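The lines below spell out each chain.
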Amino acid sequence: MDKNILIQYCDMKEEIKDLRRRIRELEKQIDRIKEEGAVKDTVSGGMGGTQHFVVEGFPVPEYNRKMMLLKARKAALVEKETELLELTNQVEEYIASIEKSELRIMFRLYYIDGMTWIQVAHRMNRIFPKRRIAYTEDSCRKRNTRFFEEN
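First, a word on what this report is: a plain description of the structure on this page. These figures come from a predicted structure and were not determined experimentally. (Residues numbered from 1 in each chain as written. Predicted model: local features only at pLDDT ≥ 70, side-chain atom pairs only at ≥ 80, totals over all residues. Heavy atoms only, no water.)

**Digging into the overall build of the protein chain**
A count of helical and extended segments in the protein chain gives 5 helices and 2 strands. Taken from the N to the C terminus, the helices and strands of the protein chain come in the order α-β-β-α-α-α-α. On the principal axes, the C-alpha backbone points of the protein chain span a range of 95 × 30 × 20 Å. Sorting the 151 residues of the protein chain into buried and exposed places 30% on the buried side. Once local pairs closer than 6 in sequence are excluded, the contacts in the protein chain between residues at least 24 apart make up 57%. As displayed, the protein chain offers around 10500 Å² of accessible surface, 51% of which is attributable to carbon and sulfur atoms. Counting 29 positive and 26 negative side-chain charges, the protein chain places the centres of these two groups 6 Å from one another. (Helix = DSSP H or I, 4+ residues; strand = E, 2+ residues; numbered from the N terminus. Buried < 20%, exposed > 50% of the residue type's maximum accessible area, 1.4 Å probe, protein only. Contact = heavy atoms within 4.5 Å. Areas by Shrake-Rupley, 256 points an atom, 1.4 Å probe, with all protein chains shown as cover. Lys, Arg positive; Asp, Glu negative; His and termini not counted. Charge placed at Lys NZ, Arg CZ, Asp CG, Glu CD.)

**Comments concerning the nonpolar core**
By size, the foremost hydrophobic cluster in this structure holds 35 residues, and its most contacted members are Leu6, Met106, Phe107 and Val120. Every element with two or more residues in this core is listed here: α1 (3–36), α2 (60–96), α3 (101–112), α4 (117–127) and α5 (137–150). When neighbours within four sequence positions are excluded, Phe107 is seen to be in contact with Leu6, Ile95, Ile98, Ile112, Asn144, Phe147 and Phe148. (Core = buried A, V, L, I, M, F, W, Y, C linked by side-chain atoms within 4.5 Å.)

**Considerations on a nonpolar patch on the surface**
Residues Val43, Phe53 and Val55 make up a contiguous nonpolar surface patch of roughly 240 Å² in combined accessible area. Mapped onto the elements, Phe53 comes out in strand β2 (residues 51–57). (Patch = residues over 30% accessible without salt bridge, like charges linked within 9 Å, V, L, I, M, F, W, Y side chains within 5 Å. Salt bridge = Lys/Arg side-chain N within 4 Å of Asp/Glu carboxyl O.)

**Concerning the packing of aromatic side chains**
With the rule as written, the count across this model stands at 7 aromatic pairs. Here Phe128 and Tyr135 contribute two aromatic rings whose centre-to-centre distance is 6.2 Å and whose plane-to-plane angle is 45 degrees, an arrangement assigned as tilted. The class for Phe128 is partly exposed, based on a relative accessible area of 29%. Residue placement shows Arg131 over the ring face of Tyr135; its charged tip is 4.0 Å from the ring centre. (Phe/Tyr/Trp six-rings, centres within 6.5 Å; stacked < 30°, edge-to-face > 60°. Lys NZ or Arg CZ within 6 Å of the ring centre and 35° of its normal.)

**Some words on a negative patch on the surface**
Taken together, Asp31, Glu35, Glu36 and Glu62 make up a surface patch of like negative charges. Its place among the elements puts Glu35 in helix α1.

**A short note on the packing of α3 against α4**
Close contact between α3 and α4 brings their axes to 9 Å; oriented N to C, the two are set at 135 degrees. The pairing of α3 with α4 is recorded here as oblique in orientation. Here α3 runs over α4; the crossing is right-handed. Here α3 contributes Glu102, Ile105, Met106, Leu109 and Tyr110 to the contact with α4, which in turn contributes Trp117, Val120, Arg123, Met124 and Ile127. Classifying every residue of the contact of α3 with α4 gives 8 nonpolar, no polar and 2 charged. (Axes fitted to C-alpha atoms, helices over the stretch in contact; angles between N-to-C directions. Parallel < 35°, antiparallel > 145°, perpendicular 65-115°, else oblique. Left-handed = near helix turned anticlockwise from the far one by under 90°. Nonpolar A, V, L, I, M, F, W, Y, C, P; charged D, E, K, R; others polar.)

**A word on the state of the cysteines**
Tallying each qualifying case throughout the model produces 0 disulfides. Unpaired in terms of disulfides, Cys10 finds its nearest cysteine sulfur in Cys140, a separation of 16 Å. Under the relative-accessibility criterion, Cys140 is labelled buried at 0%. (Disulfide = S-S within 2.5 Å.)

**Some words on the pattern of salt bridges**
Throughout the structure, instances matching the rule amount to 11 salt bridges. Because the salt bridges share partners, they merge into one network encompassing Asp18, Arg21, Arg22 and Glu25.

**Observations concerning the environment of His52**
Here His52 is to be found in strand β2. Between the C-alpha atoms of His52 and Tyr110, which are 58 residues apart in sequence, the distance is 65 Å. In contact with His52, not counting residues within four places along its chain, are Thr42, Val43 and Ser44.

This is the structure in structure tokens:
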């Protein structure tokens, strides 16, 4: 295993967030269709096209299409979440295999918890308050880079 598993894990988390956002938007569209209920249209006919009639009905084809899309997206979400769970196990095993405890903590904060490097630096300073040289955003990022250059 290498850095690619960590990158893939981060990308998968973002993909799942995007899929959840799309599901929420689609649910809002379906709710709007339900709330609006019937759609109305005026058509001409009778007496040589001079009479006008109002036609009213529920947009069944549009509603059915959106419901099928919603089911498909929810199924894809379940599949992606299962895949993410397996990937999480692989990432945690990879991080656990790192010798230095300090790097393991840093990697968990950044890759698993999704913190920024500045947040990682602040958290590391809270975890190790008696450290002679304080952690900075750059020092954390650099340690990450060096680790992967060496391995």
